[in-house]
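These are the residues of each chain, in order.
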Amino acid sequence: MDQAQGDGRQEAPGLPGCYRHPDRETGVRCTRCERPICPECMVSASVGFQCPECVSNGSGTGHAPDANRPRTIAGGTITDDPRLVTKILLGIIAAVFLAQQTLGDDFTDRFDLIGRAINPAISWNEVQGVAEGQWYRLLTSMFLHGSVIHILSNALSLWWIGGPLEAALGRARYLALYFVSGLAGSALTYLIAEPNQASLGASGAIFGVFGAMAVLMRRQRYDMRPMIAILVINLVITFGWSGIAWQAHVGGLVAGVVIGAGMVYAPRDKRTLVQYGTCALVLAAVVIVTLLRTSQLT
């Protein structure tokens, strides 16, 4: 089971407050002094946004009209609800878990991650594995959970860490990170785990969120100790408890670090190309790993 228990989790720090309005969280910084600024304090400049003080000191303005929207540190658009995607993902996860409880194991067996269904107890015509062409299991298994504790631990992690990360990256970039990291975790599980060992859970994607948040905090020069503590606790649980698909956790974490670095360190003039290009490269690696393992099993 791809389960990452939530015992002893620490809440990740939120976004910094605007230097003029400390009660307002923001993922945007002045391009000159790098102090955090909220939408009310943002002044459109030739590159990015600047704070009122830097503008008054002669920094100048001059964006095109279509570029005057507030942006996150990764170039995403500032929105009224910076956690909307996280809320939607949590809603989907909850709905799928309700379906599992209502429809039973038949539903779960059709959508969990299994490499090849070489199990006499399973009807070959009804349940097959990724090697038999059911590639969708790499994705659908990310929304299944094996117990109430399993879903609660993952849901809390996604809300505590994913919400602030979504606000910092923007919706599209955050969504790309989440799904590609989850698929990377599924692909590594498919490659290494026993082919008839079923696996399920959102932990691969959530470890990707952990990895990207660590990169973001490093980029912003935040205190890394809380994030390091969260990672250490989760890795101890991953390798210290039986019945946990550690491959999904490691695969998601590595993908999250790589994609997160592409998101927050991309040069401004080629930011979109580098960000989505990094996602595409990781996704290509997922496809290659999946094809390699399929050729081994068939």
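Residues numbered from 1 in each chain as written. Predicted model: local features only at pLDDT ≥ 70, side-chain atom pairs only at ≥ 80, totals over all residues. Heavy atoms only, no water.

## Quick notes on the overall build of the chain
Scanning the chain from N- to C-terminus turns up 10 helices and 2 strands. In sequence order, the chain lays out its α and β elements as β-β-α-α-α-α-α-α-α-α-α-α. The proportion of buried residues among the 298 residues of the chain is 48%. In the chain, of all internal contacts separated by at least 6 residues, the share reaching a separation of at least 24 is 66%. Entry remark: accessible area of the chain is about 13,800 Å², with carbon and sulfur atoms responsible for 60%. (Helix = DSSP H or I, 4+ residues; strand = E, 2+ residues; numbered from the N terminus. Buried < 20%, exposed > 50% of the residue type's maximum accessible area, 1.4 Å probe, protein only. Contact = heavy atoms within 4.5 Å. Areas by Shrake-Rupley, 256 points an atom, 1.4 Å probe, with all protein chains shown as cover.)

## Focus: the nonpolar core
Counting residues in each nonpolar core, the largest one holds 58 residues, and the members touching the most others are L158, L165, L169, Y174, Y178, F210 and M227. Of all elements in the fold, only α2 (84–103), α5 (148–169), α6 (171–192), α7 (203–219), α8 (225–240), α9 (246–265) and α10 (271–297) reach the threshold of two or more residues within this core. With 11 residues, α7 is the single largest residue contributor to this core. Ranked by size, the runner-up nonpolar core spans 10 residues in total, among them C18, C30, I37 and C41. (Core = buried A, V, L, I, M, F, W, Y, C linked by side-chain atoms within 4.5 Å.)

## Some thoughts on the packing of α6 against α10
Running from N to C, α6 and α10 cross one another at 20°; their axes reach a closest spacing of 9 Å. In terms of their interaxial angle, α6 and α10 are classed as roughly parallel. Judged by the twist between their axes, the crossing of α6 over α10 is left-handed. Within the contact between the two elements, α6 uses A172, R173, A176, V180, L183, A184, A187, Y190 and L191 and α10 uses T272, Q275, Y276, C279, V282, L283, V286, V289, T290, R293, T294 and L297. Taken together, the residues of the contact of α6 with α10 break down into 15 nonpolar, 4 polar and 2 charged. (Axes fitted to C-alpha atoms, helices over the stretch in contact; angles between N-to-C directions. Parallel < 35°, antiparallel > 145°, perpendicular 65-115°, else oblique. Left-handed = near helix turned anticlockwise from the far one by under 90°. Nonpolar A, V, L, I, M, F, W, Y, C, P; charged D, E, K, R; others polar.)

## Some remarks on the pattern of salt bridges
The full count for this structure, using the stated rule, is 7 salt bridges. For R137, the salt bridge identified is with D112, shortest N-O distance 3.1 Å. Within this pair, whereas R137 is found in helix α4 (residues 137–140), its partner D112 is found in the loop between α3 (105–111) and α4, the two being separated by 25 residues in sequence. Accessibility assignment for this pair places R137 and D112 in one class, buried. (Salt bridge = Lys/Arg side-chain N within 4 Å of Asp/Glu carboxyl O.)

## Description of the packing of aromatic side chains
A full pass over the atoms with the stated rule returns 5 aromatic pairs. Their ring planes at 45° and their centres at 6.1 Å tell us that F143 and F179 sit as a pair that is tilted. In this pair, F143 sits in the loop between α4 and α5 while F179 sits in helix α6, placing the two residues 36 residues apart along the sequence. Taking the relative accessible area as the measure of exposure, F143 reaches 11% and is therefore buried. Between Y178 and F179 the ring centres are 5.7 Å apart and the planes differ by 80°, which places this aromatic pair in the edge-to-face class. (Phe/Tyr/Trp six-rings, centres within 6.5 Å; stacked < 30°, edge-to-face > 60°.)

## As for the confidence of the model for the chain
The predicted model of the chain has a mean per-residue pLDDT of 85, with 86% of residues at 70 or higher. Note on residues 3–12: pLDDT is under 50 here. Beyond four places in sequence and across chains, it has 35 contacts. The low-confidence segment residues 59–68, where pLDDT is below 50, has 21 contacts with residues more than four positions distant or belonging to other chains. (pLDDT = per-residue confidence, 0-100.)

## Here's the deal with the environment of V274
Within the element layout of this structure, V274 appears in helix α10. The class for V274 is partly exposed, based on a relative accessible area of 29%. Sequence-wise, V274 and M263 are 11 residues apart; in three dimensions their C-alpha atoms are separated by 7.6 Å. Apart from the residues within four sequence positions on either side, V274 is in contact with G262, A266 and P267.

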